[in-house]
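Coordinates in review
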Amino acid sequence: MKLSSTRDRARIVSYKEAIFQGLAPDGGLYLPVSYPDLSDLFSRLEGSASFLDVATELSRRLLGDELSGDDVEKLCRTAFPFSPRIVRSENHISILELFHGPTCAFKDFGASFLATSMELFLANESRRAVILTATSGDTGSAVAQAFKGKNLIDVVILYPSGRVSPLQEKQLTAAGGNVHALEVRGSFDDCQRMVKEAFVDPDVNTILPLTSANSINIGRLLPQAFYYVYGRSQYANEQPVRICVPSGNFGNLTAGIIAWKWGLKTEGFIAATNVNDVVPEYLKSSVYTARSSVHTYSNAMDVGDPSNFERILSIFDNDWSSMRKVIEGAAVTDTETVETIGSVWERTGKLLDPHTAVGYCAAKRYLAETEDKSEILVLATAHPAKFSEVVQKSIGSSPELPDRLAAYLDKKKVATMIGNTTGELKSFLIETLK
Ligand SMILES: *Cc1c(COP(=O)(O)O)cnc(C)c1O
């Protein structure tokens, strides 16, 4: 697989180089240089293939020049002990549940594939790496769970003391072993600043092989494309299917568009946002105006300037009208989100988390406002129990915590408290990991 930066399509790197770099040196984001036509494979899948089969076959086609057949198989088997599940909901709407991984959110797919592919490349070269990352909660817990037990990788996660939920804190701090949690006396912005400064610090960099694992890493996007292929394969080939994606930083939608570039058969995508709707606004007006984010019930989508939009623009060569042919935009308010959770619960007995509810509301609206008779597949990005306050507001009671989440609450928190200075972070890194 060959990749290049959105800002310099001429400088080519391999998948391995791209995942260890994260961001391209010119500040751009990595994207495939070209898209193989996989439509023959897709049309053969119809219903019978498991998610693991789909992931393995796609990884073989895409990464076969960098990983042996055995390594590809090991990669997918290790990364995906969990699968998406499709659930028929009501007339024309189905849900692709992406929350059956360790932290009950779709980010488990990307984090797990990235962690496992890094470990494989490192093992082949007898190298090690240190992942340094800051989190406000959810991304960090997916990273902690994905990298836990990887022998060649140490992970250092900074989080703001007192500002993550008790469950998130346990998921960040109870992994132990190679996952080091740093509880910072400061804000999330402090954590991000400290990480940024450590990355460019010569003392740290001469001693430690630092790398990042944040959400712009192509190693997290690529495996997300696999579940679009799997989800689509659960319908007959001739069935028109449109895919609705609850979106914040637009990584998930970018992965869907990559699958579409490989020849995935779809009528198009619905990009559903909360009131942080800069992309739906762009699709309507052709003008992109970044702004500060506002807080909503679907808080993992509170993004005012989504970083992956640069990738989407690049895939469509900055052409607004061709993007509009493939992507519909829809913005959903908190009131509509709560109403959707309540009404879907009443009609179908199915509970949605607030992010999935944004997608579901957009799908319903689309079906009501158009003549389109396509099936709509709504991606369910998190388990409703992760957002029990909003669910409580909608239906008057709280969903039960799945066992694998409840189990974290009994685990022991192990974290090192530090102040909000880069000096303290440097000392920890050098003393603990050199
Ligand atoms: C991260 C996240 C999203 C948004 O996904 P993007 O790839 O950033 O668009 C939606 N729902 C949940 C639950 C998330 O954690």
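Our subject is the structure listed above.
Remember, predicted model here, so these are calculated numbers, not experimental data. (Residues numbered from 1 in each chain as written. Predicted model: local features only at pLDDT ≥ 70, side-chain atom pairs only at ≥ 80, totals over all residues. Heavy atoms only, no water.)

1. With respect to the overall build of the protein chain
Heads up, the condition is: A run of DSSP states H or I qualifies as a helix once it reaches four residues; a run of E qualifies as a strand once it reaches two. Both are numbered from the N-terminal end. For every residue, the accessible area obtained with a 1.4 Å probe (protein chains only) is divided by the maximum for its type, and the residue is called buried under 20%, exposed over 50%, and partly exposed between those limits. Contacts are assigned to residue pairs that have any heavy atoms within 4.5 Å of one another. To measure how exposed things are, a 1.4 Å probe is used in the Shrake-Rupley method; for residues, cover is taken only from the protein chains shown. Neither His nor the chain ends is counted toward charge; the positive residues are Lys and Arg and the negative residues Asp and Glu. Note that the charge is assigned to NZ on lysines, CZ on arginines, CG on aspartates and CD on glutamates.
Scanning the protein chain for helices and strands turns up 19 helices and 14 strands. Across its three principal axes, the protein chain shows a C-alpha extent of roughly 65 × 50 × 40 Å. Taking all 434 residues of the protein chain together, 58% fall into the buried category. The contacts in the protein chain between residues at least 6 apart in sequence include a share of 74% that link residues at least 24 apart. Per element, the accessible surface of the protein chain, about 17,100 Å² overall, is 48% carbon and sulfur. Where the 45 positive side-chain charges of the protein chain centre and where its 52 negative ones centre are 2 Å apart.

2. A few points about the environment of Val338
For Val338, the location among the structural elements is in helix α15 (residues 334–348). Distance from Val338 to Val358, taken between C-alpha atoms, is 9.2 Å for residues 20 residues apart in sequence. In this structure Val338 touches Tyr297, Val390, Lys393 and Ser394, once residues within four positions along its chain are discounted.

3. Regarding the sheet that holds strand β3 (residues 30–32)
To keep things clear, this is the line we draw: We treat two strands as partners when DSSP finds at least two bridges between them. To get an axis, a line is fitted to the C-alpha atoms, and for a helix only the part in contact is used. The angle between two axes follows their N-to-C directions and goes from 0 to 180 degrees.
Here we have three strands laid out as an open sheet, ordered β2-β1-β3, and antiparallel in their pairing. Because the sheet does not close on itself, it has two edges, and the strands there are β2 (8–14) and β3. Between one strand axis and the next, the sheet turns through 40° on average, direction left out of account. For strand β1 (residues 2–5) and β3, the ladder comprises three bridges, and the chain directions are antiparallel. Its bridge partner being in β3, Ser5 is matched across the sheet by Tyr30.

4. A word on the pairing of strand β10 (residues 241–246)
The condition is simple: Seen with its strands pointing away from the viewer, a crossover is right-handed if its path from the first strand over the helix to the second goes clockwise.
Burial within β10 is extensive, with six of its six residues counted as buried. Judged by which residues are buried, β10 turns out to be covered on both faces: Val241, Ile243 and Val245 on one side and Arg242, Cys244 and Pro246 on the other are all buried. Both β10 and strand β11 (residues 268–273) contribute to a ladder of five bridges, which runs parallel. Across the sheet, residue Pro246 finds its bridge partner in β11, namely Ala272. Each parallel crossover has a hand, and the one from β10 via helix α11 (residues 251–261) to β11 is right-handed.

5. What to know about the site of the ligand
To be explicit about the condition: Distances are taken per atom, and a residue is near a molecule or strand as soon as one of its heavy atoms is within 4 Å of it. Nitrogen and oxygen atoms within 3.5 Å of one another constitute a polar contact, given that in protein one can donate a hydrogen and the other can accept it, and given that sequence-neighbouring residues count only through two side-chain atoms. Gly is put with the polar residues, along with every residue not named as nonpolar or charged; the nonpolar set is Ala, Val, Leu, Ile, Met, Phe, Trp, Tyr, Cys and Pro, and the charged set is Asp, Glu, Lys and Arg.
In the vicinity of the ligand there are 13 residues, among which Lys107, Gly248, Asn249, Phe250 and Thr381 approach most closely. Within the backbone of Asn252, a nitrogen or oxygen atom sits 2.9 Å from an oxygen atom of the ligand. For the ligand, the protein covers 95% of the area, taking 390 Å² as the surface of the free molecule. In terms of residue class, the shell around the ligand is built from five nonpolar, seven polar and one charged.

6. Notes on the sheet that holds strand β6 (residues 129–134)
Pairing in this open sheet of five strands is parallel, and the strands run β9-β6-β7-β8-β14 from one edge to the other. For this open sheet the edge positions go to β9 (210–211) and β14 (416–418), each flanked by a neighbour on one side alone. In this sheet, β14 lies alongside strand β8 (residues 179–184) in parallel orientation, the contact comprising three bridges. Across the sheet, the residue bridging to Leu182 is Thr416, located in β14.

7. A closer look at helix α3 (residues 51–63)
Quick reminder of the rule: For a helix, the expected span equals 1.5 Å multiplied by the number of residues minus one.
With 13 residues, α3 ought to run about 18 Å at 1.5 Å a step, and its terminal C-alpha atoms sit 17 Å apart, in line with that. Where α3 is concerned, the buried positions are Phe51, Val54, Ala55, Thr56, Leu58, Ser59, Leu62 and Leu63. For α3, the secondary structure elements touched by its buried residues are α1 (15–21), α2 (39–45), α4 (69–79), α5 (107–125) and α10 (218–232).

8. Describing the packing of aromatic side chains
Formally: Centres within 6.5 Å make a pair out of two Phe, Tyr or Trp rings, where for Trp the six-membered ring is used; the pair is then stacked when the planes are under 30 degrees apart, edge-to-face when over 60, and tilted otherwise.
Throughout the structure, instances matching the rule amount to 15 aromatic pairs. Ring geometry for Phe51 versus Tyr230: centroids 5.9 Å apart, planes at 85°, classification edge-to-face. Of the two residues, Phe51 sits in helix α3 while Tyr230 sits in helix α10, which places them 179 residues apart along the sequence. With a centroid separation of 5.9 Å and 15° between ring planes, the pair formed by Phe80 and Phe113 is classed as stacked. Pair noted here: Phe80 is in the loop between α4 and β4 (85–90) and Phe113 is in helix α5, with a separation of 33 residues, a long-range link.

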